[in-house]
Amino acid sequence: MGHKEHKRAAPKKLRIAILTVSTTRSLAEDKSGDWMRRRAQKEGHTVTSHQVIPDSEYEISQTVTDIISDQAADLLLINGGTGLSPSDVTIEAVKPMFRKELTAFSTLFAQLSFEAIDSAAMVSRATAGIIEKTAVFCLPGSINACKLACKALIFPEAGHIAAHIRT
């Protein structure tokens, strides 16, 4: 079966969790997470949770584990903590948990980011992978980066990805 047939047969309504990693934002100030929540709902998906946690490797990995085991989310969208500062530890917390890595996501996101923000795109360490039966996307905290990733890459393939990891 080709990719078009896979996409046609893929689930249209998914369970999506949103996790923002930030020591400076609260849920009320979480523009990126709020945009992703609204966009997921607009796409017809169910948002199972939306929370903000601090930049802590332990707290990030524990929260990811809890979301995946408690909510059976098809997708987990994490934003924040993907940069280069010492407090940016999302990748260090999440990547070791991947059963499989979606290596093309990082490349495609970097290419799209380069088109939008030039060489500053190399500062992002955005990545994606599979943990149990959940596709996990680690995105920069910037609302523009979240919009770019969700519109161009994640939501167009979300059902297709979910169908593959459910089997």
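We now turn to the structure provided with this report.

Calculation criteria
- Just so you know, the residues in each chain are numbered from 1, in the order the chain's sequence is written.
- It should be noted that, the model being predicted, local features are given only for residues of pLDDT at least 70 and side-chain atom pairs only at 80 or more, the latter also being counted only at that level, while totals for whole chains, interfaces and linings use all residues.
- Side-chain numbers here rest on the full set of heavy atoms in the structure, without hydrogens or water.
- Among the buried residues, those of types Ala, Val, Leu, Ile, Met, Phe, Trp, Tyr and Cys that are joined through side-chain atoms within 4.5 Å form a nonpolar core.
- Categorising residues by exposure relies on relative accessible area from a 1.4 Å probe, with only protein chains included: less than 20% of the type maximum marks a residue as buried, more than 50% marks it as exposed, and the intermediate range marks it as partly exposed.
- The numbering of helices and of strands both runs from the N terminus, where a helix is a DSSP run of H or I of at least 4 residues and a strand a run of E of at least 2.
- Note on contacts: a residue pair is in contact if any heavy atoms of the two residues lie within 4.5 Å.
- Any two strands with at least two DSSP bridges between them are considered paired.
- Interaxial angles span 0 to 180 degrees and are taken between N-to-C directions of axes, which are lines fitted to C-alpha atoms, for helices over the stretch in contact.
- N or O atoms closer than or at 3.5 Å make up a polar contact, with two conditions inside protein: a donor-capable atom paired with an acceptor-capable one, and, for residues adjacent in sequence, both atoms drawn from side chains.
- Any Lys or Arg side-chain nitrogen found within 4 Å of a carboxyl oxygen on Asp or Glu counts as a salt bridge.
- Roughly parallel means an angle under 35 degrees; roughly antiparallel, over 145; roughly perpendicular, 65 to 115; everything else is oblique.
- Two helices that cross are described as forming a left-handed crossing if the nearer one is turned anticlockwise from the farther one by less than a right angle, and a right-handed crossing if clockwise.

## A closer look at the nonpolar core
Leu 75, Leu 77, Phe 105, Phe 137 and Ile 154 are the most contacted members of the largest nonpolar core, which has 28 residues in total. The set of elements that each furnish at least two residues to this core consists of β1 (15-21), α2 (31-42), β3 (75-79), α5 (103-117), β5 (127-131), β6 (134-139) and α6 (143-166). Residues contacting Phe 137, with those up to four places away along its chain left out, are Leu 75, Leu 76, Leu 77, Ile 78, Leu 102, Phe 105, Thr 127, Ala 128, Ile 154 and Ile 161. The next biggest cluster of nonpolar side chains, apart from the first, holds 19 residues, and it includes Ile 60, Ala 73, Val 89 and Ile 91.

## What about the sheet that holds strand β4 (residues 100-101)?
Pairing within the open sheet is mixed, and its six strands lie in the order β2-β1-β3-β6-β5-β4. Where the open sheet ends on each side, the last strands, each with one partner, are β2 (46-53) and β4. Two elements, β5 and β6, share five bridges in a ladder whose sense is antiparallel. Looking at the pairing, Ile 130 lines up with Ala 135 of β6. Contacting β1, β2, β3 and β6, α2 runs over the sheet at an angle of about 175 degrees to β2.

## Here's the deal with the pairing of β5
In terms of burial, β5 is largely enclosed, as five of its five residues are buried. Going residue by residue along β5, you find Thr 127, Gly 129 and Ile 131 tucked away on one face and Ala 128 and Ile 130 tucked away on the opposite face as well. As judged from the two bridges shared by β4 and β5, these two strands associate in the antiparallel manner. The residue bridging Lys 100 from the neighbouring strand is Ile 130, located in β5.

## Structural notes on the side chain of Ser 49
Mapped onto the elements of the fold, Ser 49 is located in strand β2. In terms of polar contacts, Ser 49 uses its side chain to reach the side chain of Gln 71, at 3.0 Å. Excluding anything up to four places from it in sequence, Ser 49 contacts Ile 16, Ala 17, Ile 18, Ile 67 and Gln 71.

## A few points about the side chain of Ser 22
Note on placement: Ser 22 falls in the loop between β1 and α2. You can call Ser 22 buried: its relative accessible area is 9%. Reaching out from Ser 22, the side chain makes a polar contact with the backbone nitrogen of Thr 24 at a distance of 3.1 Å. With residues up to four places along the chain from it excluded, the contact list for Ser 22 reads Val 52, Ile 53, Pro 54 and Asp 55.

## Some points on the pairing of β6
Counting buried residues in β6 gives six out of six residues, a clear majority hidden from the surface. Here β5 folds back onto β6 in antiparallel fashion, the turn holding two residues, of which Glu 132 has a positive phi close to 55 degrees.

## Topic: the pattern of salt bridges
On inspection of all chains with the given rule, the structure shows seven salt bridges. Close ionic contact of Asp 74 with Arg 166 constitutes a salt bridge, the shortest N to O distance being 2.9 Å. Placement of the pair is Asp 74 in the loop between α3 (57-71) and β3 and Arg 166 in helix α6, with a sequence separation of 92 residues. Between Glu 101 and Lys 95 there is a salt bridge; the shortest N-O distance is 3.5 Å.

## Some remarks on the packing of α2 against α6
Their axes nearest at 9 Å, the elements α2 and α6 cross at an angle of 25 degrees. One finds that α2 runs roughly parallel with respect to α6. As α2 packs across α6, the resulting crossing turns out to be right-handed. Contact residues: Lys 31, Ser 32, Trp 35, Met 36, Arg 39 and Ala 40 in α2; Ile 143, Cys 146, Lys 147, Cys 150, Lys 151 and Phe 155 in α6.

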